[in-house]
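Okay, here's what each chain looks like letter by letter:
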Amino acid sequence: MSMTVFPNGFDSWQKTHFEVVEALCYLRDIEEPHLQKSFNEMLNRSATDSMYQLARELTDKFEETTKGQPGDRTLFEAIEEFVARELKERAGGKR
């Protein structure tokens, strides 16, 4: 595993990572139909290595691109918009 650089310090990175994971879960929840899921389906929703990696990559990218910039919104709002945009771009690149 590569060593993460913390351009805004570890505390900022840790807060950002938490919010990135929250945003990923939030976006996943609104994307899925609101149907009752079986226990097996719920187990399949747990995080995988690829989700861990995605969360880390998004955290690192957000921290780097916002270094030294004042926030005009809440951290979650900024990260939610960032994560949604990144996911859309990644999905577009797979077509």
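Attention here is on the structure that accompanies the text. Treat the numbers as computed from the prediction; the structure is a model and nothing was measured.

Basis of the calculations
Residues numbered from 1 in each chain as written. Predicted model: local features only at pLDDT ≥ 70, side-chain atom pairs only at ≥ 80, totals over all residues. Heavy atoms only, no water. Helix = DSSP H or I, 4+ residues; strand = E, 2+ residues; numbered from the N terminus. Buried < 20%, exposed > 50% of the residue type's maximum accessible area, 1.4 Å probe, protein only. Contact = heavy atoms within 4.5 Å. Areas by Shrake-Rupley, 256 points an atom, 1.4 Å probe, with all protein chains shown as cover. Phe/Tyr/Trp six-rings, centres within 6.5 Å; stacked < 30°, edge-to-face > 60°. Polar contact = N/O pair within 3.5 Å; in protein donor to acceptor, adjacent residues only side chain to side chain. Core = buried A, V, L, I, M, F, W, Y, C linked by side-chain atoms within 4.5 Å.

## Here's the deal with the overall build of the protein chain
In terms of helices and strands, the protein chain carries 4 helices and 0 strands. Ordered by position from the N terminus, the helices and strands of the protein chain form the series α-α-α-α. Within the protein chain, buried positions represent 23% of all 95 residues. Within the protein chain, contacts between residues at least 6 apart in sequence are counted, and of these 82% link residues at least 24 apart. Carbon and sulfur atoms make up 56% of the accessible area of the protein chain, which amounts to about 7,200 Å² in all.

## Some words on the packing of aromatic side chains
One pass over the full model with this rule turns up 5 aromatic pairs. Ring centres of Phe 10 and Trp 13 lie 6.4 Å apart, and the angle between their planes is 20°; on these two criteria the pair is classed as stacked. Within this pair, Phe 10 and its partner Trp 13 are both found in helix α1 (residues 10-31), separated by 3 residues, close to a single helical turn. Relative to Phe 82, the ring of Phe 62 has its centre 5.2 Å away and its plane inclined at 70°; by these criteria the two rings are edge-to-face. Of this pair, Phe 62 sits in helix α3 (residues 49-65) while Phe 82 sits in helix α4 (residues 75-93); the two residues are 20 residues apart in sequence, bridging distant segments of the chain. Here the two residues Phe 62 and Phe 82 agree in accessibility, since each one is buried. By way of ring pairs, the aromatic residues Phe 6, Phe 10 and Trp 13 are connected into one cluster.

## As for the side chain of Glu 86
Inspection of the secondary structure puts Glu 86 in helix α4. In this structure the side chain of Glu 86 is engaged in a polar contact, spanning 3.0 Å, whose partner is the side chain of Lys 61. When sequence neighbours within four positions are dropped, the list of residues in contact with Glu 86 reads Leu 58 and Lys 61.

## Quick look at the environment of Gln 14
Relative to the helices and strands, Gln 14 is located in helix α1. Residues Gln 14 and Thr 59 lie 45 residues apart in sequence; the distance between their C-alpha atoms is 8.7 Å.

## Here's the deal with the nonpolar core
In this structure, Val 20, Ala 23, Leu 24, Leu 27, Leu 54, Ala 55, Leu 58, Phe 62, Ala 78, Ile 79, Phe 82 and Val 83 together form the largest nonpolar core, which totals 12 residues. Among the secondary structure elements, those contributing two or more residues to this core are α1, α3 and α4. The residues contacting Leu 27, other than those within four sequence positions of it, are Glu 80, Val 83, Ala 84 and Leu 87.

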